[in-house]
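Structure assessment
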Amino acid sequence: MVDVMLMQALVKAVPDNAALLIVGDIDQLPSVGPGQVLADVIASGAVPVVRLSVHEQIIASSLREPSIIGLSYTQRTTKRRASGMSPTVDSNV
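A separate point is the overall build of the chain. The secondary structure content of the chain amounts to 4 helices and 0 strands. Listing each helix as α and each strand as β along the chain from the N terminus yields α-α-α-α. Taking all 93 residues of the chain together, 10% fall into the buried category. In the chain, once contacts between residues fewer than 6 apart in sequence are set aside, the share between residues at least 24 apart is 57%.

All right, on to the side chain of D3 then. Position of D3 relative to the elements: it lies in the segment before helix 1 (4-13). Here D3 occupies a buried position and makes no salt bridge, while the nearest side chain of opposite charge, K12, is found at 13 Å. A polar side-chain atom of D3 sits 3.2 Å from the main-chain amide nitrogen of M5. Contacts of D3, omitting those with residues within four sequence positions, involve S31, G33, P34 and V37.

Attention shifts here to the confidence of the model for the chain. Model confidence for the chain is summarised by a mean pLDDT of 76, while 66% of its residues fall at 70 or above. The lowest-confidence element of the chain is helix 3 (residues 56-64), averaging 63 in pLDDT; the highest-confidence one is helix 1, averaging 93.

This brings us to the environment of V23. With respect to the helices, strands and loops of the structure, V23 is situated in the loop between helix 1 and helix 2 (37-44). Exposure remark for V23: the relative accessible area of 72% places this residue in the exposed category. In this structure, the C-alpha to C-alpha distance between V23 and L38, residues 15 residues apart in sequence, is 9.2 Å.

Assignment of secondary structure puts Q8 in helix 1. Between the C-alpha atom of Q8 and that of V37, which follows or precedes it by 29 residues, the distance is 9.8 Å.

About the cut-offs
- Residues numbered from 1 in each chain as written.
- Predicted model: local features only at pLDDT ≥ 70, side-chain atom pairs only at ≥ 80, totals over all residues.
- Heavy atoms only, no water.
- Helix = DSSP H or I, 4+ residues; strand = E, 2+ residues; numbered from the N terminus.
- Buried < 20%, exposed > 50% of the residue type's maximum accessible area, 1.4 Å probe, protein only.
- Contact = heavy atoms within 4.5 Å.
- Lys, Arg positive; Asp, Glu negative; His and termini not counted.
- Salt bridge = Lys/Arg side-chain N within 4 Å of Asp/Glu carboxyl O.
- Polar contact = N/O pair within 3.5 Å; in protein donor to acceptor, adjacent residues only side chain to side chain.
- pLDDT = per-residue confidence, 0-100.

Dropping the structure here:
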């Protein structure tokens, strides 16, 4: 949930000879401040994006005993099916 001003300050603070690795959650709430920085960066196609999925054993155990992981997985896959997409999220570079 990073806004435009915070991302600008972060990018300015990173030395020219350093790399910046941004880790985020595609399903997180939007930032309170202006902008959708991470969503815009991903949508631009200007940087490589890797989407990670939860290991199946973690999901299976989470679905047996309700947990935040299991509930989150169920919610995401239900939304994906409703929109006509595959319920699984592939890891792509």
